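Inside the fold
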Amino acid sequence: MAVNDSLPDTLCPISRAEAIVGDRWTVLVLRELFMGSHRYDEILAQTGGTPQMVAARLKSLEADGLVERRLYNERPKRYEYHLTAKGEAFYPVIIALRAWGETWCKSPEEGLAVNMTHKNCNHSAGLGPVCDHCGEVLRREDLISQSQEAYVAERQARREAFKAK
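Residues numbered from 1 in each chain as written. Predicted model: local features only at pLDDT ≥ 70, side-chain atom pairs only at ≥ 80, totals over all residues. Heavy atoms only, no water.

If you look the protein up in an unreviewed UniProt entry, it shows as Transcriptional regulator from Pseudomonas glycinae.

Encoded structure:
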């Protein structure tokens, strides 16, 4: 996915946004950043992408202003990746994808992969975009995430499989 440096050929905001974040790997990289993964190896392990794919997506997201690199090791040079304000603004899209996936892509018996508690009312937030209990718009900084045990185990298994390579 290349950064679109040319003038857009459409006024459609959906088309313009899709040009930046419109593929699976980019969205999975953003998911990982929202979940607190900041190092390349963590992101690579959890997305399941190839090293070239993940590196290209991070580079593209940085060029498009959604991600910034921060040096954490001088020798050898190693960077962490953090969301910028523009990247943080993608959170409602992540919430919408989560809600759609929980509603339409899973069986009810599986339960929610991540339970969200709304700090402002201390109740389950539901799937958003507003709190099921108090009706406030959900903001990332107002949520406490608790991953289901099975989801924690799934992520741990991916991490271990990645380290074993």
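Moving on, we get to helix α6 (residues 91-104). With 14 residues, α6 extends 20 Å between its outermost C-alpha atoms, agreeing within 8% with the 20 Å of an ideal straight helix rising 1.5 Å per residue. For α6, every residue scored as buried is listed here: Y91, I94, I95, R98, A99, G101 and E102. Taken end-on, α6 shows its buried residues confined to a sector of 165°, consistent with a single buried face. Away from the buried face of α6 by more than 90 degrees, exposed residues P92, W100 and W104 are located. In this structure, the buried side of α6 is in contact with α2 (24-34), α5 (85-88), β3 (114-118) and β5 (143-147). (Helix = DSSP H or I, 4+ residues; strand = E, 2+ residues; numbered from the N terminus. Expected span 1.5 Å × (residues − 1). Buried < 20%, exposed > 50% of the residue type's maximum accessible area, 1.4 Å probe, protein only. Arc of directions from axis to C-beta. Contact = heavy atoms within 4.5 Å.)

It is at 11 Å that the axes of α2 and α6 come closest, and there the two elements cross at 105°. Taken together, the axis directions place α2 and α6 in an arrangement best described as roughly perpendicular. The segment α2 lies against α6, with V27, R31 and F34 engaging Y91, I94 and L97. When grouped by side-chain class, the residues that make up the contact of α2 with α6 number five nonpolar, no polar and one charged. (Axes fitted to C-alpha atoms, helices over the stretch in contact; angles between N-to-C directions. Parallel < 35°, antiparallel > 145°, perpendicular 65-115°, else oblique. Nonpolar A, V, L, I, M, F, W, Y, C, P; charged D, E, K, R; others polar.)

Structurally, M116 can be placed in strand β3. Taking C-alpha positions, M116 is 10.0 Å from L138, a pair spaced 22 residues apart along the chain.

Of all hydrophobic cores here, the largest spans 28 residues; its most connected members are V29, L30, L33, L61, V67 and M116. Secondary-structure elements contributing two or more residues to this core are α2, α3 (40-47), α4 (51-63), β2 (78-83), α6 and β3. Tallying contributions element by element places α2 first for this core, with five residues. Each residue touching V29, except ones within four places of it in the same chain, is listed here: I43, T47, V54, R57, L58 and L61. (Core = buried A, V, L, I, M, F, W, Y, C linked by side-chain atoms within 4.5 Å.)

According to UniProt, the positions carrying the feature "domain: HTH hxlR-type" (unreviewed entry) are residues 12-109. As annotated, residues 12-109 comprises 60% helix and 13% strand, and the C-alpha atoms at either end are separated by 39 Å. (UniProt positions renumbered as here; feature names shortened; annotations may be inferred.)

R75 connects to P76 through a cis peptide bond whose omega is -10°. With respect to the helices and strands, the residue P76 is situated in the loop between β1 (67-73) and β2.

This part takes up the pattern of salt bridges. A side chain of one charge can pair with a side chain of the opposite charge if their charged atoms are brought near each other. Inspection of every chain in the model, using the stated rule, returns 12 salt bridges. The residue R140 makes a salt bridge to E88 at a minimum N-O spacing of 2.7 Å. Of this pair, R140 sits in the loop between β4 (123-124) and β5 while E88 sits in helix α5; the two residues are 52 residues apart in sequence, bridging distant segments of the chain. Between E102 and K106 there is a salt bridge whose closest N-O contact spans 2.8 Å. Residue classification places K106 among the partly exposed positions, given a relative accessible area of 25%. Within this structure, R31, E32 and R155 form a network of salt bridges that share partners. (Salt bridge = Lys/Arg side-chain N within 4 Å of Asp/Glu carboxyl O.)

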